[in-house]
Amino acid sequence: MLTHAPWTAIAGLRHGFLDRAEYMRSEGWQRPLGSRDAPLPLVTARQVHGTRVVAADPGVPPPEADALAIAGSGFLVGVVTADCAPVLLVSPARRAAVAVHAGWRGAAAGVLEAAVEYLHTELGAAPDTLEAVIGPTIGPCCYEVGDEVRKAFEGRTGRLTAPAWSVRARRLYVDLRAAARLLLAGVAVTTTSLLGPCTACGAGYSSYRRDGAGAGRQLSFVGWA
Ligand SMILES: [Zn+2]
């Protein structure tokens, strides 16, 4: 499990990025989440590559959403990914957090900005006080995409993500984490860290691009004890 060192020093904050093997062993993901502390309930969503942000509620069936927000303590929110970017947004001052599933469709459509807006308007956390960590994601080494992907980003945000795109041997590649970081910076979230390898060519992670429909998943979670 990968963790962001500065966040491990924040009292009560729990987070982590599980790899594929930890996901396989975890029996509903509860065991690794509770291995070092008292286990906390985990809330996940039915992810649909959209932009909807939902307040997590352990007492109801998983909502259809790609960003789960948490205010207060006692449970965790998580996203599952296999190449898409898992993005954890935290407000240490407000003890609030959002777990975001950001594939290219969701990122292009604005799920990251929607999560930042939710933290600001619903949970009182100003964007420039937020901290973001982006976990293992398919990298620009492996993520060849069609021009419709670039058009989807440019259609909404113009040249904002320009540094995230590259062309090699007349093929188009995108650095999804760089694009996510630029989109966050575009709404004043400038404290962003990247954690872990490319899911497709790094060891230990599930990759939809590499393994196809049979790919596993990995879980990333955040919350307050
Ligand atoms: Zn790679």
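Residues numbered from 1 in each chain as written. Predicted model: local features only at pLDDT ≥ 70, side-chain atom pairs only at ≥ 80, totals over all residues. Heavy atoms only, no water.

Asker: Which residues make up the packing of helix α6 (residues 147-157) against helix α7 (residues 176-186), and what values go with them?
Answerer: In contact at an axis separation of 13 Å, α6 and α7 are set at 5° when each is read in the N-to-C sense. Between α6 and α7, the angle falls in the class roughly parallel. Across the interface between the two elements, Phe153, Arg156 and Thr157 of α6 pack against Leu176, Ala179 and Leu183 of α7. Among the residues forming the contact of α6 with α7, the class breakdown is four nonpolar, one polar and one charged. (Axes fitted to C-alpha atoms, helices over the stretch in contact; angles between N-to-C directions. Helix = DSSP H or I, 4+ residues; strand = E, 2+ residues; numbered from the N terminus. Parallel < 35°, antiparallel > 145°, perpendicular 65-115°, else oblique. Contact = heavy atoms within 4.5 Å. Nonpolar A, V, L, I, M, F, W, Y, C, P; charged D, E, K, R; others polar.)

Asker: Explain the packing of aromatic side chains to me, using residue names and the numbers behind them.
Answerer: All chains considered together, the criterion is met by one aromatic pair. A ring pair is formed by phenylalanine 153 and tryptophan 165, whose centres lie 5.5 Å apart and whose planes are at 70°; its orientation type is edge-to-face. Taken together, the positions of phenylalanine 153 in helix α6 and tryptophan 165 in strand β9 (residues 165-168) put the pair twelve residues apart, joining distant regions of the chain. Here the two residues phenylalanine 153 and tryptophan 165 agree in accessibility, since each one is buried. Between the NZ or CZ atom of arginine 168 and the centre of the ring of tyrosine 173, over which it lies, the distance is 3.6 Å. (Phe/Tyr/Trp six-rings, centres within 6.5 Å; stacked < 30°, edge-to-face > 60°. Buried < 20%, exposed > 50% of the residue type's maximum accessible area, 1.4 Å probe, protein only. Lys NZ or Arg CZ within 6 Å of the ring centre and 35° of its normal.)

Asker: Explain the coordination of the zinc ion to me, using residue names and the numbers behind them.
Answerer: Bound to the zinc ion are the protein donor atoms Cys141 (SG), Cys142 (SG), Cys198 (SG) and Cys201 (SG), situated 2.3 Å from the metal. Each of the four donor atoms bound to the zinc ion contributes to angles spanning 106 to 117°, and the resulting shape is tetrahedral. Overall, the relative accessible area of 23% leaves cysteine 142 in the partly exposed class. (Donors = N, O, S within 2.8 Å, 3.2 Å for Na, K, Ca; no water. Tetrahedral: all angles 85-135°; square planar, octahedral: opposite > 155°, others 65-115°.)

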